[in-house]
Amino acid sequence: MRPADDEPAEPIDALPTGAVGGPPVGADRSTLRLALTVGGLVLAVLLGFGLGRANPGPGTPSAASAAAATSDHTHAPGTGAHDHGVGTDQAADSGAGGFSVSSGGYTLTASAVVFGVGRAGEFRFQVRDERRRPVTRFAVVHDKPMHLVVVRRDLSGYQHLHPTMAPDGTWSVPLTLAQPGVWRAYADFTAVADDGRQTAATLGVDLVAPGGYAPRPLPAPATTTTVDGFTVGYEGAPEVGRALPLRFTVSAGGAPAALERYLGAYGHLVALREGDLGYLHVHPVATPAGDPVTFWVTAPGPGRYRMYLDFQVAGVVRTAEFTVTVP
């Protein structure tokens, strides 16, 4: 207890050894505990603040990462910086996408989904965010801010298109559905939010070409095929949950074809799974011209897949198609 004003204070030499400047021996123990508790809380808050500054959360880019993302190149109007890391070009995500019109907070809204068979039309759509606002900022990924893949549900009629965007966020592209049936359109993009966050997504929507639908059986698995006089083959076999290389070669008349860069690479590979039409889009590793075009592929599950290899020679893009069975 504190001494009364008319009582002499306890002399210093009455304090225990080492307690100079500390509380009197007779101090209230509950007051001591309260002081220690408050001090500990203050220290914890200060330490937490320091650690938070040293380790920003995943949604808070550091100044260094922001500078790296925007250096060495520029982007077209309406687009944003994106990751140029090697890992994004080598292995596809282990999970397939394109099952839904909504994913990652974004929704695909199409103006029309019915097309006359064999008649040229225009496919128009918007990507909207969680607040239903049209998205107008997209990262340029492999030379384009939007990749649109269209295929009939029997995996025939593959098309790889690149729509253009109007200022209001409406994408449009000429489209012809050559055969009747239900088709699947995949919008493959990376959206840039107001705060700079980037979200890669693949949204899918069904398109309809009315008429009698006679599905074609999937061709038998093979590792070689021909297209417009070019022989295309590959080595390797994809496995579930394991990234493995597939190496493609293109030749003409027994000699390697002079492949040209298409969308910044010597080839692009799309794989679709039979049944649910799960979507994979894979880009090759960087290799010198003339070497096999190599993709690291992870199969998301067993089943039969149709692979579509886009390649360019003499300014013309062609597509080689393969069926592969993943056990």
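Look above for the structure.
Owing to the predicted nature of the structure, the values given are computational and were not obtained by experimental measurement. (Residues numbered from 1 in each chain as written. Predicted model: local features only at pLDDT ≥ 70, side-chain atom pairs only at ≥ 80, totals over all residues. Heavy atoms only, no water.)

**Q** Teacher, can you tell me more about the sheet that holds strand E9 (residues 170–175) here?
**A** Adjacent strands of a sheet pair through backbone hydrogen bonds, lying either parallel or antiparallel. Spatial ordering of the open sheet is given by E2-E3-E4-E9-E8, a layout of five strands whose pairing is antiparallel. Two strands close off the open sheet at either side, each with one partner strand: strand E2 (102–103) and strand E8 (164–165). (Pairing = 2+ DSSP bridges. Helix = DSSP H or I, 4+ residues; strand = E, 2+ residues; numbered from the N terminus.)

**Q** What's the story with the sheet that holds strand E17 (residues 279–282) in this structure? I'm lost.
**A** Here four strands make up an open sheet; going across it, the order is E17-E16-E19-E20 and the pairing antiparallel. Each edge of the open sheet is held by one strand with a lone partner, namely E17 and strand E20 (316–326). Here the strands of the sheet are splayed against their neighbours by 20° on average, with no regard to which way each runs. Looking at chain direction, strand E19 (residues 303–313) and E20 are connected through 11 bridges and run antiparallel. Its bridge partner lying in E20, Leu309 is registered against Ala320. (Axes fitted to C-alpha atoms, helices over the stretch in contact; angles between N-to-C directions.)

**Q** I tried to follow the nonpolar core on my own but got confused; where do I start?
**A** Across soluble globular proteins, you tend to see nonpolar side chains buried next to one another. In terms of nonpolar packing, the biggest core is built from 28 residues, with Val232, Phe248, Leu269, Phe295, Met307, Leu309 and Phe311 touching the most fellow members. Elements represented by at least two residues in this core include exactly strand E13 (230–235), strand E14 (244–252), strand E16 (268–273), E17, strand E18 (293–297), E19 and E20. The biggest single contributor to this core is E19, with five residues. The residues touching Met307, leaving out its near neighbours within four places in the chain, are Tyr234, Leu246, Phe248, Leu269, Val270, Ala271, Ala320, Glu321, Phe322 and Val324. By size, the runner-up hydrophobic cluster in this structure holds 27 residues, among which are Phe125, Met146, Val150 and Ala193. (Core = buried A, V, L, I, M, F, W, Y, C linked by side-chain atoms within 4.5 Å. Buried < 20%, exposed > 50% of the residue type's maximum accessible area, 1.4 Å probe, protein only. Contact = heavy atoms within 4.5 Å.)

**Q** Is there a simple way to think about the pattern of salt bridges in this case?
**A** A side chain of one charge can pair with a side chain of the opposite charge when the charged atoms of the two come close. If you walk through the whole model with that rule in mind, you get 11 salt bridges. When the shortest N-O distance is used, the salt bridge between Arg318 and Asp228 registers 3.2 Å. Of this pair, Arg318 sits in strand E20 while Asp228 sits in the loop between strand E12 (224–227) and E13, and the two are 90 residues apart along the sequence. Using a relative accessible area of 16% as the deciding quantity, one classes Arg318 as buried. Linked by salt bridges that have partners in common, Asp129, Arg133 and Asp194 make up one network. (Salt bridge = Lys/Arg side-chain N within 4 Å of Asp/Glu carboxyl O.)

**Q** Where do I start with the pairing of strand E10 (residues 181–192) in this structure?
**A** When a strand is regular, its side chains alternate between the sheet's two faces. The buried fraction of E10 is high, at 11 of 12 residues. As defined by bridge partners, strand E6 (residues 146–152) adjoins E10 across seven bridges and the pair is classed as antiparallel. By the bridge assignment for E10, Val151 is matched with Arg184. The hairpin formed by E10 and strand E11 (residues 198–209) contains five residues between the paired strands, and Gly196 there has a positive phi angle of roughly 95°.

**Q** Whenever I open this one, empty space enclosed by the protein confuses me. Can you help?
**A** Remark: the empty space left among the atoms is shown by a probe the size of a water molecule rolled over them. The tally for this structure, following the rule as stated, stands at one cavity of 30 Å³ or more. The calculated volume of the largest cavity comes to roughly 50 Å³. Secondary structure elements with two or more residues in the lining of the largest cavity: E19 and E20. Across the lining of the largest cavity, the residue classes tally to 10 nonpolar, no polar and no charged. (1 Å grid on protein atoms, 1.4 Å probe; cavity = no way out; pocket = protein on both sides within 12 Å on 5 of 7 lines; lining within 4 Å. Points joined across faces, edges and corners; volume = space filled by probe spheres on them. Nonpolar A, V, L, I, M, F, W, Y, C, P; charged D, E, K, R; others polar.)

**Q** Just to check I follow, could you spell out unusual backbone geometry for this structure?
**A** Most peptide bonds take the trans configuration, and most residues that are not glycine carry a negative phi. If you check the backbone angles, His142 has positive phi at about 50° while not being a glycine. In this structure, His142 sits in the loop between strand E5 (138–139) and E6. Under the relative-accessibility criterion, His142 is labelled buried at 17%.

**Q** Would you take a moment to explain the environment of Val141 for this structure?
**A** Relative to the helices and strands, Val141 is located in the loop between E5 and E6. Distance in space between the C-alpha atoms of Val141 and Asp188 is 9.7 Å, their sequence separation being 47 residues.

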